[in-house]
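If you want the building blocks of each chain, they are given just below.
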Amino acid sequence: LAEEIAEDVGYQPRNDLSKAYQERFVNSVNTANPASDFRLYFLDDYEANFQGVPVFIGEYHSPSSLRQEEDLRQIMRQSMNSSSLLLGISFFEFQVRYDKGGEEMKFGTFGLGDRPVVAFEVSQRPYSAWCLQPATEATGTVLLSDIVTKVFRGPGIRPEQLCPR
């Protein structure tokens, strides 16, 4: 396909574009679908049509899932399956996007706390960096940061480190 497109626009490649794509590229996709839907609606078809070209999820988080930990474990299992083209995920997103509002507010792992921790300037304009508060998953009972820490087996962070008094 790459050579066909190149020929259509009068470009003569010096290298085998199909081979370069197969050997050097990794595709990415973003999704808010739960892990079970991701396989059904994307990964099965992707693996059938892009054989040998790995893919990773650049933004993964299904905020409507009432079982965030199980969902995250399921998508990680899919990426650890040696027969899958799914390389892994990046959990989305670090901070709540207050500027977007609406449904976008469901994605942050941390929200802004109740006070600034430092003032600074950028191009002579004053700004404040606010402390952070851990966000919870859809049921409102479990911290998203605890889920991500547990599933990724990281050291985590204590909430008092985010908004020190």
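Throughout, residues of each chain are indexed from 1 in the direction in which the sequence is written. Reporting of local features is limited, given that this is a predicted model, to residues whose pLDDT is at least 70; pairs of side-chain atoms are given and counted only at 80 or more, and all residues count toward the totals for whole chains, interfaces and linings. To obtain the side-chain values, all non-hydrogen atoms of the structure were included, while hydrogens and water were left out.

Describe the layout of surface pockets, with residues and values.
Each pocket or cavity is described by its volume, and for the largest pocket that value is around 180 Å³. Any residue with an atom within 4 Å of a point lines the site, the site being either a cavity, points on a 1 Å grid over the protein atoms alone where a 1.4 Å probe fits but cannot get out, or a pocket, an open set with protein on both sides within 12 Å along at least 5 of 7 lines. Every residue along the wall of the largest pocket is listed here: Phe91, Glu93, Phe94, Thr109, Phe110, Ser145, Val148, Thr149, Phe152, Gly154, Gly156 and Ile157. Grid points are joined across faces, edges and corners, and a volume is the space filled by probe spheres set on the points.

Outline unusual backbone geometry, supporting the account with residue identities and numerical values.
Glutamate 93 follows phenylalanine 92 through a cis peptide bond whose omega is 0°. Strands are runs of DSSP state E lasting at least two residues, helices are runs of H or I lasting at least four, and both sets are numbered from the N terminus onward. As for its position among the elements, glutamate 93 is in the loop between β3 (86-91) and β4 (110-122). We note that glutamine 124 has phi near 65°; this positive angle belongs to a residue other than glycine. By secondary structure assignment, the location of glutamine 124 is in the loop between β4 and β5 (125-134). Since its relative accessible area comes to 74%, glutamine 124 is described here as exposed. Exposed residues in this analysis have more than 50% of their type's maximum accessible area, buried residues have under 20%, and partly exposed residues fall in between, with area computed by a 1.4 Å probe over protein chains only.

Explain the nonpolar core residue by residue, including any values.
Soluble, globular proteins show a tendency: their nonpolar side chains are buried together. If you look at the biggest cluster of nonpolar residues, it comprises 21 residues, and the most contacted ones within it are Phe38, Ile57, Tyr60, Leu72, Ile75, Leu86 and Ile89. Elements supplying a minimum of two residues to this core: α3 (35-49), β2 (55-60), α4 (68-80), β3 and α5 (144-152). By the convention used here, residues are in contact when the closest approach between their heavy atoms is within 4.5 Å. Leave out the neighbours within four places in its chain, and phenylalanine 38 touches Val29, Thr31, Asn33, Leu43, Ile57, Ile75, Gln78 and Leu86. The term nonpolar core refers to a set of buried residues drawn from Ala, Val, Leu, Ile, Met, Phe, Trp, Tyr and Cys, joined through side-chain atoms within 4.5 Å.

Geometric descriptors of this kind do not, in isolation, establish any biological role.
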